[in-house]
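# A look at the structure
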Amino acid sequence: MEGSIHSVYIHIPFCDHICSYCDFPKVLSFSPWIERYLETLEKEIRMNYKGERIKTIYIGGGTPSVLSLEQLRKLFKIVSIFKKDTTCEFTFEGNPESLSEEKILFLKENFVNRLSIGVESFQEKLLKKMNRHHTKEEVLKIISYAKKVGFLNINVDLIYAFEEETIEDLKKDLKEFLSLEVPHISTYSLILEEHTRFYIEKRKPILEDIDFSMYQLIQQTLKDSLYEQYEISNFAKNSFFSKHNLTYWNNEYYYGFGMGASGYLKEYRYNNTKSILKYLSGAFLLNKEKMTRQSNLEYTFLLGFRKIKGISKENFFNRYHLVLEEIPIIKRLLKEKKLVDKGKFISISSEYLYVENSILLEFIGEKYE
Ligand SMILES: C[S@@+](CC[C@H](N)C(=O)[O-])C[C@H]1O[C@@H](n2cnc3c(N)ncnc32)[C@H](O)[C@@H]1O
Ligand code: SF4
């Protein structure tokens, strides 16, 4: 992979409402800002894109689907700057209430081949607490339309572990999610982030043993329905893995464009400003982190062990000229049975998956060679 950048993330920060749990870079939709944002985005892309052939594009948010058809046309004209590989995975993220049939058709006609839809829950009481503004009917209608026009690759997001949520609620949600018959489901245990309504309301996290039971319920239910868990929070049927997200977990390079986007361009990782006014004024960058061999190795472990398959010994050797199983911390974690040697790959032991983050923390600040 050395030398190649083949992925692009584009952040569209506009939302029609602000969800009670969300700390992502976002602002309320405001048409004059959207117009200026698109102009600025084009400048940023033209300044930085070096013409590589792109294999994955992800337009995320925020809520890209709040853009009007006219604004989407402008956005896609900008996206046409990229030289797309013929097999390019092109994902567009949206919310059920702003993804109209017209927009779905537009996306289909403009080479988008993967949709990621923020469904989150089917329980009205939870949707209301989250300040989500869609109905079950909207979800069913839009997914059925997307399938009808030929979208095979659809992801839906689910959030669980609300203070008032019961195992029964989650069971009902899982049943409804399965009935959507989409090939990819991302499941996220609620994080009470600072600067969110939930945080201000001093909400408490769900008890850890319930959270663990919920995680196990998700794993088992999705497994029984033939979804393969391929990352801590991600499940796919028939190998519909997210190629774009695998770029991140494989610690490969990618461009990030837009307010609050991050990127990894060989020598450095960077984060763009989260301020819409700074972004619109052309001051894109918030910070830059120079990548050394040591920090590169650290990211490879932190991201790579999120994958259920783990890290490929061969790829690791080709990239770093080091034998994975001979690295001291890997040796120790194998001995403690927190990692398992599966021959071609080393991965996190399934019993430790739930507490994966605490294992990943052990990699921070370690000497690897
Ligand atoms: C930032 S959102 C963007 C997509 C779209 N705007 C939406 O609302 O679905 C991406 C996903 O991250 C998840 N997410 C965001 N904040 C979270 C939190 N505090 N805890 C758990 N999951 C969260 C949600 O499942 C959400 O669909
Ligand atoms: S979860 Fe999605 S829709 Fe809600 S505020 Fe965040 S980005 Fe916007």
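Residues numbered from 1 in each chain as written. Chains lettered and ligands numbered in written order. Predicted model: local features only at pLDDT ≥ 70, side-chain atom pairs only at ≥ 80, totals over all residues. Heavy atoms only, no water.

This next bit is on the packing of aromatic side chains. How two aromatic rings sit relative to each other is set out by the distance from centre to centre and by the angle between their planes. Following the criterion strictly, the structure yields 27 aromatic pairs and no others. Considering the side-chain rings of Phe76 and Phe106, the 5.3 Å spacing of their centres and the 85° angle between planes classify their relative orientation as edge-to-face. Note that Phe76 is positioned in helix 2 (residues 69-79) and Phe106 in helix 3 (residues 101-109), a separation of 30 residues in sequence. Phe76 gets classed as buried once you look at its relative accessible area, which sits at 8%. On the basis of an interplanar angle of 75° and a centroid distance of 4.9 Å, the ring pair of Tyr253 and Tyr264 is categorised as edge-to-face. Remark: Tyr264 occurs in strand 12 (residues 262-265) and Tyr253 occurs in the loop between helix 9 (243-249) and strand 11 (255-257); sequence separation between them is 11 residues. Taking relative accessible area as the criterion, Tyr264 reaches 0% and is therefore assigned buried. Clustering of aromatic rings is evident, with ring pairs tying together Phe301, Phe305, Phe316, Tyr320, Phe363 and Tyr368. Its guanidinium or amino end placed over the ring of Phe198, Arg203 lies 4.3 Å from that ring's centre, counting from NZ or CZ. For the cation-ring pair, Arg269 lies above Tyr299, with the distance from its terminal atom to the ring centre recorded as 3.9 Å. (Phe/Tyr/Trp six-rings, centres within 6.5 Å; stacked < 30°, edge-to-face > 60°. Helix = DSSP H or I, 4+ residues; strand = E, 2+ residues; numbered from the N terminus. Buried < 20%, exposed > 50% of the residue type's maximum accessible area, 1.4 Å probe, protein only. Lys NZ or Arg CZ within 6 Å of the ring centre and 35° of its normal.)

Looking now at helix 13 (residues 328-335). Each α-helix turn comprises 3.6 residues. Residues three or four places apart therefore point the same way. All of the buried residues along helix 13 are Ile329, Ile330 and Leu333. One side of helix 13 carries all its buried residues, which in axial view fall inside an arc of 100°. Contact partners of the buried residues in helix 13: helix 11 (293-304), strand 16 (339-341), strand 17 (345-348) and helix 14 (356-361). Positive backbone phi, at 65°, marks Lys337, one or two positions downstream of helix 13. (Arc of directions from axis to C-beta. Contact = heavy atoms within 4.5 Å.)

This paragraph deals with the domain arrangement of the protein chain. How big an interface is tends to be stated in terms of accessible area lost as the parts join. Partitioning the protein chain into structural domains gives domain 1 (7-248) and domain 2 (308-369). One C-alpha centre belongs to domain 1, the other to domain 2, and the line joining them spans 30 Å. Across the domain 1 to domain 2 interface the summed buried area is about 600 Å²; carbon plus sulfur atoms make up 66%. Broken down residue by residue, the surface that domain 1 buries against domain 2 is led by Phe212, Tyr215 and Ile232, which jointly contribute 55%. Run the count over domain 1 and domain 2 and you get zero salt bridges. At the junction of domain 1 with domain 2, the criterion picks out three residue pairs in polar contact (both at pLDDT 80 or more). With five residues, helix 8 (residues 208-224) is the largest single contributor of residues to the side of domain 1 that touches domain 2. Classifying every residue of the side of domain 1 that touches domain 2 by side-chain character gives four nonpolar, two polar and three charged. (Domains from an automatic or database assignment. Buried area = accessible area lost by both parts, 1.4 Å probe. Salt bridge = Lys/Arg side-chain N within 4 Å of Asp/Glu carboxyl O. Polar contact = N/O pair within 3.5 Å; in protein donor to acceptor, adjacent residues only side chain to side chain. Nonpolar A, V, L, I, M, F, W, Y, C, P; charged D, E, K, R; others polar.)

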